[in-house]
Amino acid sequence: STAQIGVTGLAVMGSNLARNFARNGFTVAVHNRTAAKTKALVEEFGHEGAFVPAETAREFVAALERPRRLIIMVKAGEPTDAVIREFAPLLEPGDVIIDGGNAHFEDTRRRERELREQGIHFVGVGISGGEEGALLGPSIMPGGSAESYASLGPLLEKISAKAADGTPCTSHVGPDGAGHFVKMVHNGIEYADMQLIAEAYHLLREVAGYSPARIAQTFRTWNEGRLDSYLIEITAEVLAHTDAATGRPYVDVVADAAEQKGTGRWTVQIALDLGVPVSGIAEAVFARSVSGHSALRAASADLAGPRPTALSGEAADAFAARVEQALYASKIVSYTQGFHQIRAGSDEYGWGVDLGAVASLWRGGCIIRAAFLDRIRAAYDARPDLPSLLADADFAREIGAAQDDWRAVLGEAVRQGIPVPAFAASLSYYDALRAERLPAALTQGQRDFFGAHTYRRTDREGSYHTLWSGDRSEVRTD
Ligand code: 6PG
């Protein structure tokens, strides 16, 4: 047994991760359900480092140094359980099974509990950065026991991305499902970021009247400022791309129906369970869903409404500058909502997640990496109990400075009939938090009227009910 780590499941993510370990000087045992893939990996990339190919599960386990560290890189769900069932009986107390897939954190909690009985550490690890990240350095979000991190952490720190200041983009997030939970919220924020950028594009196209190439240029400029991020950067690339077959902008020949594999949807489902308002993320998930309902869209194509008319010249450029403000302000809101959800999950499950550390490990490698995350980290480092990102003085000042333009952009979108669900949800969230009084008082009155659900008063303690079908006097119910 010579391998410090093993990877089973050699599809692209698995083989790239195995290569990343090998390229960083680790000896890696590699295994796949069909041995041909293992052979192909070693043939093609064997020169990159030390691989130990294993044909059977038994050989694979035998190749690993103890305590064994074994990474599963198969499809989330039943395939992961099947691999665990295959390997767990071959392992010994103290060994560590690592699930690097996009697992649901509740599955991770269950698996961790079951394997703990056997003395095996089960570590659910969120890995972000796509295929390239897996190979060159992803952002890694490990859950599981502190003991497992002591054994695994140094390896992950070696292969992970590094932030600009050299810090590895990984750290122990918290026990059992904490890593996969944080990865789930990462993906929710990813959906929101992408939708906000898409709305900004739509406005620049329809209201500013910019061409895709011009918008690519605009995004490149924005990428030099406070919006500096991987997603803005690749957006410019996509928009600048021309379709070879037709010579048209690539973005005009791709079908406008966005797909999803589920992690963004999980974020919203869990947010509903936790009672956390992640309205921007939710609108991003729904926007993908609306785009995919082709029959519904076709049946609605003749509905009345304005057709956008584009601005031109200086007015167009002034509008584009406002869109940057709206995008930035909405982005602050998405991260505020996402971090709220992480805090709520951490409280619910007793994980003790350090929000500043999460912001720190998202600074490199992952899809949502951005200069902005440095600022979020600083805000939580300065005040670990910060109740909301919007309570940070710097973010509050910036969003305050952006709000006039944010409102102007939304006004224009509404006037011209351009859907901006994520921009609008973000501004409504901001205004709801600012509001001195919300109409929730009326909601409470309605609930009390039809269901005697009771309400609290602003001026006295206690719980009350009005006798709506009687003389409308008020009774105390507690
Ligand atoms: C990442 C990505 C990655 C993937 C998701 C989202 O962090 O590397 O989030 O996990 O892109 O599966 O994909 P969908 O858009 O298909 O849900």
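Structure shown above.
Here is what the cut-offs are and how they apply
Here the residue numbering is sequential within each chain, running from 1 through the sequence in written order. Local features are withheld for residues below a pLDDT of 70 in this predicted model, meaning they are given only at 70 or higher, and side-chain atom pairs are given and counted only at 80 or more; totals for whole chains, interfaces and linings count all residues. Only hydrogens and water are set aside when side-chain values are computed; all heavy atoms of the structure are taken into account. A 1.4 Å probe rolled over the protein chains alone gives each residue an accessible area, and that area as a share of the maximum for its type sets the label: buried under 20%, exposed over 50%, partly exposed in between. Secondary structure elements are defined from DSSP: runs of H or I of at least 4 residues count as helices, runs of E of at least 2 residues count as strands, and each element is numbered from the N terminus. Pairing between two strands is assigned when DSSP locates at least 2 bridges connecting them. A clockwise course of the path from the first strand over the helix to the second, judged with the strands pointing away from the viewer, identifies a crossover as right-handed. A pair of Phe, Tyr and Trp rings is counted when the ring centres sit within 6.5 Å of each other, with Trp represented by its six-membered ring. The angle between the planes then sorts it: under 30 degrees is stacked, over 60 is edge-to-face, the rest tilted. Counted as over-ring charges are cases with an Arg CZ or a Lys NZ within 6 Å of the ring centre that also lie within 35 degrees of the ring normal.

**What to know about the pairing of strand β5 (residues 96-99)**
Thinking step 1. Residues V96 and I98 of β5 are buried on one face, and the alternating residues I97 and D99, pointing to the opposite face, are buried as well.
Thinking step 2. Sheet analysis places strand β4 (residues 69-72) next to β5, joined by four bridges and oriented parallel. Following the sheet pairing, I71 is matched in β5 by I98.
Thinking step 3. Here four bridges tie β5 to strand β6 (residues 121-128), and the two strands are oriented parallel to one another. Within β6, the residue paired with I97 across the bridge is F122.
Thinking step 4. The β-α-β motif built from β5, the intervening helix α5 (residues 105-116) and the parallel element β6 has right-handed crossover chirality.

**A few points about the packing of aromatic side chains**
Two measures describe an aromatic ring pair: the distance that separates the ring centres and the angle between the ring planes.
Thinking step 1. Scanning all chains against the criterion turns up 16 aromatic pairs.
Thinking step 2. Ring plane angle 80 degrees and centroid distance 5.0 Å describe the contact between Y335 and F372, whose orientation is recorded as edge-to-face. You can see Y335 sitting in helix α15 (residues 313-349) and its partner F372 sitting in helix α17 (residues 372-382), a full 37 residues away along the chain. There is no split in this pair, since Y335 and F372 are both buried.
Thinking step 3. Counting every residue linked through ring pairs, the aromatic cluster contains F105, F181, Y349 and W351.
Thinking step 4. Directly above the ring of F45 sits R19, whose terminal nitrogen or CZ lies 3.5 Å from the centroid.
Thinking step 5. Over the face of the ring belonging to Y191 we find R288, whose NZ or CZ atom lies 3.5 Å from the ring centre.

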